[in-house]
Amino acid sequence: MTGSHVTQMLERYRALAIDALLAGVPSGGPHYLYDLVSEYPRRWGKGLRAALCLAACRAFGGTPSVGLNAAVTVELFHNAFLIHDDIQDESEQRRGAQTLHGEYGVGVALNVGNMTNLLALQRLAANRRALGSGIAWRLFEETQLMLRHSLEGQAIEVGWIRDNVCDLDADDYYRMCLKKTSWYTCIYPCRTGILVATGQHDAIDVLDRYGWYLGAAFQIQDDALNLVGDFARYGKEIAGDLWEGKRTLILIDFMRRCTGDERERLLEFLRRTRTQRTAAEVRWLHGRLLAYDCVESARRSARDLAAAAIREGRRALGPAAETEDGRFLLGLPEYVVERSR
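Thresholds, definitions, all that
Residues numbered from 1 in each chain as written. Predicted model: local features only at pLDDT ≥ 70, side-chain atom pairs only at ≥ 80, totals over all residues. Heavy atoms only, no water. Salt bridge = Lys/Arg side-chain N within 4 Å of Asp/Glu carboxyl O. Helix = DSSP H or I, 4+ residues; strand = E, 2+ residues; numbered from the N terminus. Buried < 20%, exposed > 50% of the residue type's maximum accessible area, 1.4 Å probe, protein only. Core = buried A, V, L, I, M, F, W, Y, C linked by side-chain atoms within 4.5 Å. Contact = heavy atoms within 4.5 Å. Axes fitted to C-alpha atoms, helices over the stretch in contact; angles between N-to-C directions. Parallel < 35°, antiparallel > 145°, perpendicular 65-115°, else oblique. Left-handed = near helix turned anticlockwise from the far one by under 90°. Nonpolar A, V, L, I, M, F, W, Y, C, P; charged D, E, K, R; others polar. Polar contact = N/O pair within 3.5 Å; in protein donor to acceptor, adjacent residues only side chain to side chain. Phe/Tyr/Trp six-rings, centres within 6.5 Å; stacked < 30°, edge-to-face > 60°. Lys NZ or Arg CZ within 6 Å of the ring centre and 35° of its normal. 1 Å grid on protein atoms, 1.4 Å probe; cavity = no way out; pocket = protein on both sides within 12 Å on 5 of 7 lines; lining within 4 Å. Points joined across faces, edges and corners; volume = space filled by probe spheres on them.

Chemist: Any chance you could break down the pattern of salt bridges for me, citing the residues and the numbers?
Modeler: Going through the model one piece at a time under the given rule, you end up with 29 salt bridges. The salt bridge involving E142 is made with R138; its shortest N-O contact spans 3.3 Å. Residue E142 and its partner R138 are both found in helix 8 (residues 133–162); the two are separated by four residues, about one turn of the helix. Each member of the pair, E142 together with R138, is buried.

Spelled out as structure tokens, the structure:
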């Protein structure tokens, strides 16, 4: 499937999920709550998670109507994660505009994120009536598993920053990435899509390896775009990861290959908080990462992971690889490593 067809299907599935999500947000209510729940979903986005859920559902014999509630649940959890992550990371931009906490304050944003999670839980509860108690309970179990992995991954990352951990290698990054990104971005949407399509409690893990590789490739490309992307398309502050001191694969590679003097300067930079870091220091580090070709090295790793995702996806899908949604799933790995936002 060509890149344009992948983009078209992403847009189609995103529109289905976001329209249903927005239709389910209560109207009225207290000021600074429900209107703000809709804020991030109304901004542009890829809709990758909802599309994975719906495509996996169709590829395994389901229909979009059967998978829609699961896709909306994925999107609600995703938007709650974004709100809370932006607060933890002290991010300034999200999807081309000011972050929710930057515009309305941390207290308001936290509350909106919590309500977004509650709406996701209500979507889960609605599955009992639509799919029966057995499948509804399995969807709940899948959700708590995804949340546990995601929160553990987030704890690993924020712990590295808090404790200024610098003795890391690529394997450390990949373990963090599996939990923080791959589970909720790719594995969980695929598992829930397969579950609602088949109604079976087992064999929903057939796309797990595909999802792991796809999620890691997605995250590495995101790390690269944070350094060399076009803000107008990327929608987040360029070099934000450096301001935040995130241990990306790119930064870990630089720590491994830089000179002793550069390492000392880097360690001193990482010891400081975001507010203590200066634009000149960030520019220096940004320049060093480019000079050492760390961004392109990471992108090569992302392309290798994308190729692995395609192999695993083709094996797992079997004959379904030739369906429209099978081709879409197999086209996504190349899309995520070539995207510009």
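From this point, the narrative continues.
Chemist: Can you explain the nonpolar core? Please cite residues and give values.
Modeler: Grouped together as the largest cluster of nonpolar side chains are 111 residues, with contacts concentrated most on L52, Y210, L285, F328 and L332. Per element, the largest residue contribution to this core is 14 residues, and it comes from helix 9 (residues 170–198). Once residues within four sequence positions are removed from consideration, Y210 is found in contact with L52, C190, A309, E312, G313, L329, L332 and P333.

Chemist: Describe the packing of helix 8 against helix 9, listing the residues and the values that go with them.
Modeler: Running from amino to carboxyl end, helix 8 crosses helix 9 at an angle of 165°, the nearest separation of the two axes being 8 Å. One element, helix 8, and the other, helix 9, form an angle in the roughly antiparallel class. The way helix 8 lies across helix 9 gives a crossing that is left-handed. Taken together, the residues of the contact of helix 8 with helix 9 break down into 13 nonpolar, six polar and eight charged.

Chemist: An account of helix 13 (residues 249–257) is needed here, citing residue identities and associated values.
Modeler: Burial analysis of helix 13 places seven of its nine residues in the buried class, which makes it a mostly covered element. Residues of helix 13 that are buried include every one of L249, I250, L251, I252, D253, F254 and M255, and no others.

Chemist: Provide a residue-level description of the environment of Q88, including the pertinent values.
Modeler: Structurally, Q88 is set in helix 5 (residues 64–89). For Q88, a relative accessible area of 45% puts it in the partly exposed group. Looking at Q88, its side chain comes within polar contact range of the side chain of Q154, at 2.6 Å.

Chemist: Give a description of the environment of R303 that names residues and reports values.
Modeler: Note that R303 resides in helix 16 (residues 294–317). Through-space distance from the C-alpha of R303 to that of E103 is 37 Å; in sequence the pair is 200 residues apart. Sequence-distant contacts of R303, that is, excluding residues within four places in its chain, are made with E296, V337 and E338. A polar contact is formed between the side chain of R303 and the side chain of E296, at a distance of 2.5 Å.

Chemist: Give me the lowdown on the packing of aromatic side chains, citing residues and values where you can.
Modeler: We describe a pair of aromatic rings using the distance from one ring centre to the other and the angle between the two ring planes. Across all of its chains, the model carries eight aromatic pairs by this definition. Geometrically, the ring pair formed by Y173 and Y174 is edge-to-face, given 5.8 Å between the ring centres and 70° between the ring planes. Side by side, Y173 and Y174 carry an identical accessibility label, which is buried. Each ring, one from F254 and one from Y292, has its centre 5.3 Å from the other, and the planes form 75°; the classification is edge-to-face. Highlighted residues: F254 in helix 13 and Y292 in the loop between helix 15 (279–291) and helix 16, separated in sequence by 38 residues. Residue F254 is classed as buried on the basis of its relative accessible area, which comes to 0%. Looking at Y292, the relative accessible area reads 18%, which means it is buried. Three or more aromatic residues link up through ring pairs in this structure, and these residues are Y173, Y174, W212 and Y213. Positioned over the ring face of F269 is R277, at 4.9 Å from the centre of the ring.

Chemist: Give me the lowdown on the layout of surface pockets, citing residues and values where you can.
Modeler: Space left empty within the atom packing is revealed by a probe, the size of a water molecule, rolled over the atoms. When its volume is computed, the second largest pocket comes out at roughly 240 Å³. If you trace the second largest pocket, you find 15 residues lining it, with Q88, E90, I161, E244 and R274 closest to the centre. Mapped by element, the contributors of at least two residues to the lining of the second largest pocket are helix 5, helix 8 and helix 12 (240–244). Tallying contributions element by element places helix 8 first for the lining of the second largest pocket, with four residues. In terms of residue class, the lining of the second largest pocket is made up of four nonpolar, two polar and nine charged.

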